[in-house]
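# Residue-level structural notes
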Amino acid sequence: MSFSEKTRTTYQGILQGMKDAGLFKQERYIHSPQAADIEVEFPTGASVRKVINMCANNYLGLSSHPEVVKAAHEGMDLRGYGMSSVRFICGTQDIHRALEQKVTAFLGTEDTILFPSCMDANAGVFEAILTKDDVMISDRLVHASLIDGIRLCSAMQDTFKHGDMAHLEQKLEMHQDRRLRLVITDGVFSMDGDTAPLDKMVALGEKYDAMILVDDSHASGFIGKTGRGTHEKCGVVGKIDVITTTFGKALGGATGGCVSGRRELVEMCRQRARPYLFSNTIAPVVVMGILKVFEILMSSTDRRDKLEKNAAYWRKGLQEAGFVLKEGDTPIIPVMLFNAKLAQDFSRALYEEGIYAVGFFFPVVPQSQARIRTQISAGHELHHLDRALEAFTKVGKKFDILGKTRQEIIDRFGM
Amino acid sequence: MADDVKDIILKYVTAEYLEDGADPIGFDTPLISGGIVDSFSMVSLKRFLENKYKISIPDDQATPEAFDSVDKIAVLVRKFAQS
């Protein structure tokens, strides 16, 4: 037996350590399609209850949209279930290339390559386009998948302070002796809901001959006037060299991701990116669903407009109720509680009130920055938001944090 | 080499890595093992030292241990400044 008792005990000790530290994650089973109203079993074995979902990445409410579901069914009928091959052997259908062209048109780039997920896109892109003679300069708060991709690449690694363009400029000056420079950032930062200043970043890129890479996973489909993403919001469409994004959030919420940008960089990924070369791509059924998502989004901005209104309504309601919020203008609205236990207790109390919103605390966010991250959807109706506001206010009163400052909450509950 | 090497390094590390309002650090504060400087960010510090003191620190000597406090970094700088 290779998995000896000693080995088992070792792992049990590690898992118990996670539980003792309050870092053990548990899934909650949802017994319904993803939507504003969901049916949840929590804790495991408990009876299923109907709750309002305030923490999905389903920004445009398209995860269970009838037209998307219908398109997926048709995809199954027309192109089958799976490909049983990587792209370059016999795993590419006409619809894969059609989706790549659709994404290119939507994002305003030169070309696109699909990946099984955006995690895979970020894992593969750096190694495919850079060498040890180059440098990657990343914002210090970029997503974990970018960090993993950076680690897999032989180029020099450096960072700049979050959103600090003066600091980035210092770094670009310092690294002028490298063959190529790549600046790396999230478009919208998922934990705080703030936006990268891409216009300033592009100007620095032009001044110091640096490429810009943006992970726009929390922006594609709804940020910017027509939902193209953070580059549209910042007025730099066509000037971002690489955009990585996901189809697992606003764009239907199933699976898949892509690298979209300069033709040569996309081609380098097609030749060298390992998650593309050694893994099947997005299943046909999902590709057809995503194509329908783009058809919906390119015919009307109604859904992103509704999302914008919903997010403003929710933010205003929470502010008037007296919560401390992170500043921003995206549908990610963190309610700051600062203390990890308070965040967990608050989430549990909300669940009792029929609201599903998860607490985030160290190490996912920095120490003393625990929070409930709320995420608004175009699938929310005003009655959902009013009901959720009522519950947040009731629980806020219970813990006596309404109208209290950061310091007052910390003084009472600790860091 | 001037005696203010440690002061210069401390000033650089404070400006480069500490967030506004963070507790001040000392010469012996653990930088990498203490989570103040992450491995991605070490390269800036190495390049700063090399440019400032006109030295070259081989990659195999630029270890997380050797960079773990201002005191230790100053030892490294002095070693290569003399060689």
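Each partner contributes residues to the interface: chain A has 8 residues there, and chain B has 5 residues. Broken down by secondary-structure element, the contributors of at least two residues to the side of chain A that touches chain B are strand 6 (156-160) and helix 7 (165-174) of chain A. When residues of the side of chain A that touches chain B are assigned to their parent elements, the largest contribution, 4 residues, is made by strand 6 of chain A. Counted by class, the side of chain A that touches chain B contains 3 nonpolar, 3 polar and 2 charged residues.

Core analysis: the biggest nonpolar cluster contains 107 residues, and A:Val125, A:Met136, A:Val183, A:Ile212, A:Val259, A:Cys269 and A:Ile355 have the highest contact counts within it. Looking at this core, you find at least three residues from each of domain 1 (33-63 + 302-413) and domain 2 (66-299) of chain A. For A:Val125, the contacting residues outside a window of four places in its chain are A:Gly149, A:Val242, A:Thr244, A:Val259, A:Cys269 and A:Ala273. With 17 residues, the next largest nonpolar core counts B:Val13, B:Leu49, B:Val70 and B:Ile73 among its residues.

Residue and element names in this part refer to chain A. With antiparallel pairing, the 3 strands of this open sheet are ordered in space as 11-14-13. Among the strands making up the open sheet, the edge pair consists of strand 11 (332-338) and strand 13 (359-360). One ladder, built from 6 bridges, connects strand 11 with strand 14 (residues 370-375); its direction is antiparallel. Note on strand 14: the bridge partner recorded for Pro334 is Arg373. Those strands touched by helix 14 (residues 340-352) are strand 11, strand 13 and strand 14, and its axis lies near 40° from that of strand 14.

This next bit is on the pairing of strand 3 (residues 49-53) of chain A. All names here are of chain A. Direction of pairing for strand 2 (residues 37-41) relative to strand 3: antiparallel, over a ladder of 4 bridges. Along strand 3, the bridge assignment pairs Glu39 with Lys50. Where strand 3 meets strand 12 (residues 355-356), 2 bridges bridge the pair, whose relative direction is parallel. The residue bridging Asn53 from the neighbouring strand is Tyr356, located in strand 12.

Right, let's talk about the domain arrangement of chain A for a bit. All names here are of chain A. Taken as a whole, chain A is organised into domain 1 (33-63 + 302-413) and domain 2 (66-299). Using C-alpha coordinates to define each centre, domain 1 is positioned 28 Å away from domain 2. On the domain 2 side, the residues contacting the 18 residues of domain 1 number 18 residues. When residues of the side of domain 1 that touches domain 2 are traced back to their parent elements, those giving at least two are helix 13 (302-321) and strand 11. In terms of residue count, strand 11 provides more of the side of domain 1 that touches domain 2 than any other element does, 3 residues in total.

Averaged over all residues, the pLDDT of chain B is 86; the fraction at 70 or higher stands at 95%. Confidence, expressed as mean pLDDT per element, reaches its minimum in chain B at helix 2 (residues 42-53) of chain B with 88 and its maximum at helix 1 (residues 5-17) of chain B with 91.

To continue, consider unusual backbone geometry. Trans peptide bonds make up most of the peptide bonds, and negative phi angles are found at most residues other than glycine. Residues and elements named next belong to chain A. The step from Phe42 to Pro43 runs through a cis peptide bond, and the omega angle for that step is -5°. Among the secondary structure elements, Pro43 is positioned in the loop between strand 2 and strand 3. Here the bond from Phe362 into Pro363 is cis, since omega is 10°, no more than 30 degrees from zero. Non-glycine residue Phe338 carries a positive phi angle of around 75°. On the secondary structure map, Phe338 appears in strand 11. Note on Phe338: 22 C-beta atoms within 10 Å, which makes it buried.

Residues and elements named next belong to chain A. Taken in spatial order, the 4 strands of this open sheet run 1-2-3-12, and their pairing is mixed. Either end of the sheet is taken by a strand with one partner, and the two such strands are strand 1 (29-30) and strand 12. Sheet topology note: the strand 1/strand 2 ladder contains 2 bridges and is antiparallel. Looking at strand 2, one finds that Tyr29 is bridged to Glu41.

What follows covers helix 4 (residues 94-107) of chain A. All names here are of chain A. For helix 4, with 14 residues, the first-to-last C-alpha span of 20 Å sits near the 20 Å given by 1.5 Å per residue. Where helix 4 is concerned, the buried positions are Leu99, Val103, Phe106 and Leu107. All buried residues of helix 4 fall inside an arc of 85° around its axis, so they share one side. What points out from helix 4, more than 90 degrees from its buried face, is the exposed set Asp94, Gln101 and Ala105. Packing partners of the buried residues in helix 4 comprise strand 4 (111-115), strand 9 (242-246), strand 10 (257-261) and helix 12 (284-299). Within two residues after helix 4, Gly108 carries a phi angle of roughly 75°, on the positive side.

Quick look at the pairing of strand 10 of chain A now. Strand residues, when the strand is regular, have side chains that alternate between the two faces of the sheet. Residue and element names in this part refer to chain A. With respect to burial, strand 10 is a largely interior element, 5 of its 5 residues being buried. Side-chain alternation along strand 10 places Gly257, Val259 and Gly261 on one buried face and Cys258 and Ser260 on a second face that is also buried. Two strands pair when backbone bridges link them, and strand 4 and strand 10 are joined in this way by 5 bridges, in the antiparallel orientation. Along strand 10, the bridge assignment pairs Leu114 with Cys258. Summarising the sheet, strand 9 and strand 10 pair through 5 bridges and their orientation is antiparallel. Counterpart to Thr246 in the pairing with strand 10 is Gly257.

Attention now moves to the environment of A:Tyr59. Residues and elements named next belong to chain A. Along the chain, Tyr59 turns up in the loop between strand 3 and helix 2 (66-79). Between the alpha carbons of Tyr59 and Ala378 there is a distance of 6.1 Å; along the sequence they are 319 residues apart. In this structure, Tyr59 is in contact with Gly221, Phe222, Lys249, Ala250, Leu307, Pro331, Ser377 and Ala378, ignoring residues within four places of it in sequence.

For any two helices packed against each other, the geometry comes down to the angle between their axes and how far apart the axes lie. Residues and elements named next belong to chain B. Across the interface, helix 1 lies against helix 3 (residues 70-82) with an axial gap of 9 Å and an inter-helix angle of 125°. By the angle between their directions, the pair helix 1 and helix 3 is classed as oblique. As helix 1 runs across helix 3, the sense of the crossing is right-handed. Of the residues in helix 3, those in contact with Val5, Lys6, Ile9, Leu10 and Val13 of helix 1 are Val70, Asp71, Ile73, Ala74 and Val77. Counted by class, the contact of helix 1 with helix 3 contains 8 nonpolar, no polar and 2 charged residues.

Conventions and cut-offs
- Residues numbered from 1 in each chain as written.
- Chains lettered and ligands numbered in written order.
- Predicted model: local features only at pLDDT ≥ 70, side-chain atom pairs only at ≥ 80, totals over all residues.
- Contact = placed C-beta atoms within 7 Å.
- Helix = DSSP H or I, 4+ residues; strand = E, 2+ residues; numbered from the N terminus.
- Nonpolar A, V, L, I, M, F, W, Y, C, P; charged D, E, K, R; others polar.
- Core = buried A, V, L, I, M, F, W, Y, C linked by C-beta atoms within 7 Å.
- Buried ≥ 20, exposed ≤ 12 C-beta atoms within 10 Å, placed from the backbone.
- Domains from an automatic or database assignment.
- Pairing = 2+ DSSP bridges.
- Axes fitted to C-alpha atoms, helices over the stretch in contact; angles between N-to-C directions.
- pLDDT = per-residue confidence, 0-100.
- Expected span 1.5 Å × (residues − 1).
- Arc of directions from axis to C-beta.
- Parallel < 35°, antiparallel > 145°, perpendicular 65-115°, else oblique.
- Left-handed = near helix turned anticlockwise from the far one by under 90°.

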